[in-house]
Amino acid sequence: MRGPRYQNRIELLQGTLDLLILQTLQWGPRHGYGISQAIRTVSADALQVDTGSLYPALHRLERQKLIRAEWTVSDRNQRTRVYELTAAGRRQLLAERSRWEQISAAIGTILAHPGAAE
Amino acid sequence: MKLPLWRRRQDRELDEEIASHIRLAIADRVERGETADEAARAARREFGNVVVVKEVTREMWGWIALEQLVQDVRYACRALRKAPGFTAVAVATFAFGIGANAAMFSVIDAVMLRPLPFPQPERLVSVTEVDQRRGDAGSSSVAWPNFFDWRSRSRTFERMAAYHERAFTVVVGGRPVHAPGAIVSADFFSTLGVQPVLGRGFRSDEERAGSDVVVISDSLWRSEFGAAPTVVGSVTTINSRPFTIVGVMPAGFRFPISVPAAQLWVTCAEEARTEAPGDTPMTAERGAHFIRVVGRLGPGVTIAAAQADLDAVSAALAREYPDENSNRGVKLTPQLESLVGGTRQPLIVLFAAVGCVLLIACVNLANLLLVRGAGRGREIALRLALGASRRRIVVQLLTESVVLSAFGAVGGLLLAAWSIRLFVQIAPTGVRGLDQVTIDGAVLAFTAAVGFLSALAFGTLPALLEARVAPRAGLDDSGRATAGRRHGRVRAALVVAETALGVVLLIGAGLLLRSFYRLTTSDPGFDGTRVLTAKFSLPDSRYPYLKQIAFHDELLADLNVLPGVQAAATSPLPLSGLHYSISFELPGAKVPPSQQPSADFGMVGPGYFRTMQIPIVAGREFTAADNDAAARVIVVNESFARRYLAGRDPIGQRIKPGLSTTEKETPWREVVGVVRDVKYKALNEPSRPTYFIPYGQGLITSLFLAIRTAAPPAAVVEQVRQVVHRKDPELALYDVRSMDEYVTLSVAPARFQTLLLSLFAGLALALTAVGLYGVVAYGVAQRTREFGIRLALGARPGEVLQLVLGSGLRMVSAGVAVGIVGAAFATRLLGSALFEVHPLDPATFAAVVATLFAVALLASFVPARRATRVDPISALRTE
């Protein structure tokens, strides 16, 4: 059985990390290392994805058929496993994005009106 | 942990993926100017613990489906907990539906499906003789010589054995014990494939007269012989003769399947004996058909091949013994099937009935779910809007149904466990397996399968309809009403369907009830109240033929001295399950023996007709003077007189039944009386031509005592016992019962079927009422505003009441119409179970229709009343 430590971490990150992965793959296929580097670079080093979260998430999304994996040879002549979005993945990305925007808008509204909590 | 093969490949790929991640990271760092060593160390540090990463990643493989399932089940449980009223009604409804099925299946499993407890039971076949002139109906018992010839001449059987039931009196420690048992051929145990646990079975030379050996049952061994292993080889007294006990059967061995179970087995040496030199032993009487035969087919032999084999043997026998064997064929039936026999039809009818109950329960649940779904449109629309796929939602809703059905199935199993005890109590005796009905693995598997399929059946339609909600429509308030109206027609159709099923069940039950009433109030032809009956068997060894007659005469005289007692003797006793038939000759044309007519036959003592209060239509009844020394006489019943003595005064006519005892030749007998017809075999079968002979002129089997008492029969039992004990202390009196008990026993199968079908029909009616109530009540709730407006505009409450009742009654009318048509077909299944009631009995149909409408009115009245009390103001305000 999975230890409580990892269970917590995955559940905390799951929704957001999925969204980030799907978003990163939107512009083309990437391997695991590439995804982690992209998230890191685009967020200007603010987000660093732990490999212990990244790989489980990739394999889960693959099983959910939101992404598809393939072995290819990279530009550095290395055999790598490359992930790409499926049609379902694109739909999921859209839904997750709108949900994220709703949530962040809602949270933003609340934070903007400190009196509203009462 | 050892991974399965396909997992190991996946595992290697993960290794490779991680390695490539690290290599890529190193390459990046080297490009940025780090040394190879530094880059490798930093990349590894950055990656983290490879083993842990692999472990958590691996856990993603293959668990998604299960995780989703767990999630769905959790969600379903939460949703059900939030609607306790709905959940309670749904679970209870389903529990009743599936409980009835589980209970009924456990009965069917034990009686019809469970194989016989013998090795390779599928190779066992029952072999009967058959009167080829009468087809399948002519199936009958077998004569010993025919069995011996089949056994020696057939080639397709590994073994073949014969048996017939017989009661014995065993004397243990000076005390007579009545023990039911069987007379068997030597290969009886080896044919069944069961050997004694102690000692041995019979040897083939032990079929010869004079080998008095016995095998006893485990329970007799324990109860009468203290379970002593030394019992094998010891000698015990059976029917007043010494027998050597050669074996003890294992506990649980039960064959023949009789009630009570056989306690001992002796060989047919018992019937190879003769009383006087020159007599023909029963084992040589080719015309005496009373044994049963079980065969074990050779390996790989089909029943058709064995049938052909025995057909050839019996054709040869018919040529060799034309008098006894012309027109006599052989019929093979799988042993299990022959044991199930007549219980198949009623069980199938009952199983069909519980199937209908379950269908009704499913329809109700579908309705409940639809009603609930209409109220959940908003929740589902929201989840659709948030990106859940319709498929996910359907799966989720189905999970809810499966969870519901699982709870219902657990409740149903509890109900079944409780109710099978009731089933077994009211079940007729003598049905194989009925005493072994349990909730076993097969029943659990059946219940689980039926529960799951039912969940799909009642859950699919509502789930599909619910998931069809437009994401936006559900979010505003108007969506509720539209969804409700759209499903209204489906709900009405479901109510029509369940009403129709209910009508079919109720009509079936109604017909059986009516038939059962007719049966129990039908005239058996005798008066059984306050008649005590009992049996005893006189051992041939101490009571030669004439002494037996004298014993009966004296015993009856002694009993008749008791105050308020009028005693007689007879065999068979009406409705006791025994039945004899003997061919006879009429004066005039001489016909060969195989063409002679045959009629039912009874041996009775003086005063029998008076004791049983069977009216004498003409002539007289037997007296003590009709003895061996007197002229041979006979009494016939009205059916016999009508059929064979028509147009003449029966009194004084002569008949020659094929029965002789002390006479040199079969004697002609003069008819001295005609009696009213009596139901001998069963209350629901017409009386057959029957003749009676005084036992003083033809005692061929042990007799029943029939004793009419002034006091209740139970009060006289002890006195009767004492009288018998005084006459012969070695005699055991058994089967002590009132005549009413035999009447009750004879209708037990009908009562069983009637009671259960009525129970199921009642359940169906209740479920239908609940379903109708639910739909009408929901309709009222939906139209609250409409009723408010109508009332506000001046509609009288009576008009609103009519409106609601009308909608309920319309659905019921349609259901009743469909149901009547269905019942007209379905009641044919009952066919032979009905006694003096036509399957289309108009009174029953009318009564059922009236009952249904009454219940429907009641079920729609409660919500209709609510509609009339709608407060117009608050109804309008909810909008």
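Residues numbered from 1 in each chain as written. Chains lettered and ligands numbered in written order. Predicted model: local features only at pLDDT ≥ 70, side-chain atom pairs only at ≥ 80, totals over all residues.

(A) Spatial organisation of the overall build of chain A. Assigned secondary structure in chain A consists of 4 helices and 3 strands. In sequence order, chain A lays out its α and β elements as α-β-α-α-β-β-α. When each of the 118 residues of chain A is scored for burial, the buried share is 28%. A separation threshold of at least 6 residues defines the contact pool for chain A, and within that pool the share at least 24 residues apart is 49%. (Helix = DSSP H or I, 4+ residues; strand = E, 2+ residues; numbered from the N terminus. Buried ≥ 20, exposed ≤ 12 C-beta atoms within 10 Å, placed from the backbone. Contact = placed C-beta atoms within 7 Å.)

(B) Examining the overall build of chain B more closely. Counting secondary structure elements, chain B contains 27 helices and 22 strands. Computed over C-alpha atoms, the radius of gyration of chain B comes to 38 Å, more than 25% over the 29 Å expected from 2.2 N^0.38 for 879 residues, which places it beyond the range of a compact globule. Dimensions of chain B along its principal axes, counting C-alpha atoms only, are 130 × 90 × 50 Å. The buried share among the 879 residues of chain B stands at 41%. Excluding contacts between residues fewer than 6 apart, the proportion of contacts in chain B whose partners are at least 24 apart in sequence is 82%. (Rg over C-alpha atoms; globule rule 2.2 N^0.38 Å.)

(C) Just the domain arrangement of chain B, in detail. All names here are of chain B. Partitioning chain B into structural domains gives domain 1 (5-61), domain 2 (134-326), domain 3 (343-521 + 748-877) and domain 4 (540-729). Here the C-alpha centre of domain 4 lies 29 Å away from the C-alpha centre of domain 2. Counting residues at the interface gives 7 residues for domain 2, matched by 8 residues for domain 4. A breakdown of the residues in the side of domain 2 that touches domain 4 according to their chemical character gives 1 nonpolar, 3 polar and 3 charged. (Domains from an automatic or database assignment. Nonpolar A, V, L, I, M, F, W, Y, C, P; charged D, E, K, R; others polar.)

(D) Local environment of the interface of chain A and chain B. At the junction of the two partners, chain A supplies 23 residues and chain B supplies 19 residues. Of all the secondary structure elements, the ones that give two or more residues to the side of chain A that touches chain B are α2 (32-42), α3 (51-63), β3 (79-85) and α4 (87-112) of chain A. Looking at the side of chain A that touches chain B, its residues break down into 5 nonpolar, 9 polar and 9 charged.

(E) View of the nonpolar core. Residue and element names in this part refer to chain B. Judged by nonpolar contacts, the single largest core of 109 residues is most densely connected at Val357, Leu505, Leu506, Phe760 and Ala764. If we skip the residues at most four places from it in the chain, Leu505 touches Ala353, Cys356, Phe760, Ala761 and Ala764. Membership of the second largest hydrophobic core comes to 56 residues, among which are Ala161, Ile183, Ala186 and Ile238. (Core = buried A, V, L, I, M, F, W, Y, C linked by C-beta atoms within 7 Å.)

(F) How the structure looks around the pairing of strand β20 (residues 690-694) of chain B. Residue and element names in this part refer to chain B. By the criterion of burial, β20 is predominantly enclosed, with 5 of the 5 residues buried. Pairing between strand β17 (residues 633-637) and β20: 2 bridges, direction antiparallel. Within the sheet, the bridge partner assigned to Val636 lies in β20 and is Tyr691. (Pairing = 2+ DSSP bridges.)

(G) Fine view of the sheet that holds strand β1 (residues 30-31) of chain A. Residue and element names in this part refer to chain A. Read from one edge to the other, the open sheet built from 3 strands follows the order β1-β3-β2, with strand pairing classed as antiparallel. Looking at which strands have only one partner, the edges of the open sheet turn out to be β1 and β2 (67-73). Where β2 lies against β3, 7 bridges are found, and the strand directions are antiparallel. Of the residues in β3, the one forming a bridge with Val73 is Arg79.

(H) Structural context of the pairing of strand β14 (residues 581-585) of chain B. Residue and element names in this part refer to chain B. Judged from the 3 bridges that link them, β14 and strand β15 (residues 598-604) form a sheet pairing that is antiparallel. In the sheet register, Ile582 faces β15, and the bridge partner there is Ala599. Sheet topology note: the β14/strand β18 (residues 654-657) ladder contains 2 bridges and is antiparallel. For Glu585, the partnering residue across the bridge sits in β18 and is Lys656.

(I) Here's a closer look at helix α3 (residues 50-58) of chain B. Among all positions of α3 of chain B, only Val53, Val56 and Thr57 of chain B are buried. Taken end-on, α3 of chain B shows its buried residues confined to a sector of 100°, consistent with a single buried face. (Arc of directions from axis to C-beta.)

(J) Structural view of the environment of Gln653 of chain B. Residue and element names in this part refer to chain B. Mapped onto the elements, Gln653 comes out in the loop between α20 (638-644) and β18. When the 17 C-beta atoms within 10 Å are taken as the criterion, Gln653 is described as partly exposed. On a C-alpha basis, the gap between Gln653 and Asn560 in space is 32 Å, while along the polypeptide they are 93 residues apart.

(K) Local environment of the environment of Arg175 of chain B. Its location among the elements puts Arg175 of chain B in strand β4 (residues 175-184). Put simply, Arg175 of chain B and Val403 of chain B are 228 residues apart on the chain and 62 Å apart in space, counted from C-alpha to C-alpha.

(L) Looking closely at the environment of Glu165 of chain B. All names here are of chain B. Secondary-structure assignment places Glu165 in strand β3 (residues 157-172). For the pair Glu165 and Phe255, spaced 90 residues apart in sequence, the C-alpha separation works out to 9.8 Å. Dropping the residues within four chain positions of it, Glu165 is found in contact with Pro180, Ala182, Pro256, Ser258 and Ala262.

(M) Inspection of helix α6 (residues 144-153) of chain B at higher detail. Residue and element names in this part refer to chain B. All buried positions along α6 are accounted for by Trp144, Asn146, Phe147 and Trp150. The arc that holds every buried residue of α6, seen down its axis, measures 160°, which confines them to one face. Where α6 is buried, its residues touch β1 (124-131), β3, α9 (269-272), β10 (292-297) and α10 (303-320).

(N) Quick look at unusual backbone geometry. Residue and element names in this part refer to chain B. Residue Pro256 is bonded to the preceding Phe255 through a cis peptide linkage, with omega at -5°. The residue Pro256 is located in the loop between β8 (241-248) and β9 (264-267) in this model. In this model, Ser240 sits at a positive phi of 65°, which is unusual for a non-glycine residue. Position of Ser240 relative to the elements: it lies in the loop between β7 (235-238) and β8. Of note in this structure, Asn327 is not a glycine but carries a positive phi near 70°.

(O) Just the confidence of the model for chain A, in detail. Across chain A, the average pLDDT comes to 80, with 84% of residues at or above 70. Ignoring residues within four places in sequence, the model shows residues 1-13 of chain A, a span with pLDDT below 50, making 7 contacts including any to other chains. (pLDDT = per-residue confidence, 0-100.)

(P) Molecular detail of the confidence of the model for chain B. Residues and elements named next belong to chain B. On average, residues of chain B score 87 in pLDDT, and 95% of them reach the 70 mark or higher. Within chain B, strand β6 (residues 213-216) carries the highest mean pLDDT (96), whereas helix α27 (residues 872-877) carries the lowest (72). Segment residues 478-483: pLDDT under 50, and 11 contacts once partners within four positions in sequence are set aside and those in other chains are kept. Model confidence for the complex is summarised by a pTM of 0.75, with the ipTM given as 0.84.

(Q) Structural context of the packing of helix α18 (residues 545-561) of chain B against helix α21 (residues 717-727) of chain B. Residue and element names in this part refer to chain B. Interhelical geometry of α18 versus α21 gives an angle of 140° and a closest axis separation of 10 Å. The angle between the axes of α18 and α21 places the two elements in the oblique class. α21 is crossed by α18, and the crossing has right-handed handedness. The segment α18 lies against α21, with Glu554, Leu555, Asp558 and Leu559 engaging Val720, Val723, Val724 and Lys727. Grouping the constituent residues of the contact of α18 with α21 by class yields 5 nonpolar, no polar and 3 charged. (Axes fitted to C-alpha atoms, helices over the stretch in contact; angles between N-to-C directions. Parallel < 35°, antiparallel > 145°, perpendicular 65-115°, else oblique. Left-handed = near helix turned anticlockwise from the far one by under 90°.)

(R) Seen up close, the packing of helix α5 (residues 84-113) of chain B against helix α13 (residues 344-375) of chain B. Residues and elements named next belong to chain B. In contact at an axis separation of 9 Å, α5 and α13 are set at 160° when each is read in the N-to-C sense. One way to sum up the angle between α5 and α13 is to call them roughly antiparallel. Pair α5 / α13 crosses with left-handed handedness.

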